[in-house]
Amino acid sequence: LSQCRQYHEKVIDHYERPRNVGSLSKNDPNVGTGLVGAPACGDVMKLQIMVDEATGEIQEVKFKTFGCGSAIASSSLATEKIKGLKVWDAKKITNTDIAKELSLPPVKLHCSMLAEDAIKSAVKDWEAKRAARGLKPLAPL
Ligand code: FES
Ligand code: FES
């Protein structure tokens, strides 16, 4: 119970009203899908981005998680943070950014790691799909 009280109200807000829940079409060439698991607890998170192929801007983000409340809050916050960012800036978001903003207790740090891993994995997938189409990687401006 003492752990509950440490939870920042922002966690509760994102847990109760998670932003950007859902899926994007995996077959869309501009959609990158990240699917990651947390070794610590076995929870799983899927995060998808839709990227403007000319500018590298993330236009749409969706997530789904079979994870704990902190994982839901972390991914919900992560989707808010990366929407509108360039892919190369989204990759710089770390779990500590997310954990700090949500005031996650140490035992819940791996939940925010899931969100960081999911972003990186989604960007990687998008980059791979882009390369497979013969398009050059976008350089940061
Ligand atoms: Fe609060 Fe478990 S510590 S629900
Ligand atoms: Fe597994 Fe939070 S306890 S993601």
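Refer to the structure above for everything that follows.
Residues numbered from 1 in each chain as written. Chains lettered and ligands numbered in written order. Predicted model: local features only at pLDDT ≥ 70, side-chain atom pairs only at ≥ 80, totals over all residues.

Asks: How should I be thinking about helix α3 (residues 69-82) in this particular structure?
Replies: Think of an α-helix as 3.6 residues a turn; residues three or four steps apart then line up on the same face. Here α3 contains 14 residues, and its C-alpha end-to-end distance of 20 Å stays within 8% of the 20 Å for a straight helix at 1.5 Å per residue. When you tally the buried positions in α3, you get eleven out of 14 residues, the bulk of the element. Inspection of α3 places S70, A71, I72, A73, S74, S75, S76, L77, A78, T79 and I82 among the buried residues, and these make up the whole buried set. On its buried side, α3 packs onto α2 (9-16), β2 (44-51), β3 (58-66), α4 (87-90), α5 (95-102) and α6 (109-132). Positive backbone phi, at 90 degrees, marks G84, one or two positions downstream of α3. (Helix = DSSP H or I, 4+ residues; strand = E, 2+ residues; numbered from the N terminus. Expected span 1.5 Å × (residues − 1). Buried ≥ 20, exposed ≤ 12 C-beta atoms within 10 Å, placed from the backbone. Contact = placed C-beta atoms within 7 Å.)

Asks: I would appreciate a short explanation of the sheet that holds β2 in the present structure.
Replies: Strand pairing in a sheet relies on backbone hydrogen bonds, with the paired strands running either antiparallel or parallel. Strand order across the open sheet formed by three strands is β1-β2-β3, with antiparallel pairing between neighbours. Strand pairing shows two members of the sheet lacking a second neighbour, β1 (31-37) and β3, which therefore form its edges. The sheet shows a mean angle of 15 degrees between the axes of neighbouring strands, direction not considered. In this sheet, β2 lies alongside β1 in antiparallel orientation, the contact comprising seven bridges. Residue L35 lies in a different strand from β2, and its bridge partner there is K46. Docked against the sheet, α3 engages β2 and β3, running at close to 175 degrees with respect to β3. (Pairing = 2+ DSSP bridges. Axes fitted to C-alpha atoms, helices over the stretch in contact; angles between N-to-C directions.)

Asks: Would you mind going over the environment of D117 with me for this structure?
Replies: With respect to the helices and strands, D117 occurs in helix α6. Sequence spacing of D117 and T94 is 23 residues, and the spatial spacing of their C-alpha atoms is 8.7 Å.

Asks: Any chance you could explain the nonpolar core here in plain terms?
Replies: Nonpolar side chains in soluble globular proteins tend to end up buried together. M45, I49, L114, A118 and I119 are the most contacted members of the largest nonpolar core, which totals 32 residues. Those elements giving two or more residues to this core turn out to be β1, β2, β3, α3, α4, α5 and α6. Considering every element that reaches this core, the biggest residue donor is α6, with nine residues. Setting aside residues no more than four positions away along its own chain, A118 makes contact with G34, V36, M45, L47 and S75. (Core = buried A, V, L, I, M, F, W, Y, C linked by C-beta atoms within 7 Å.)

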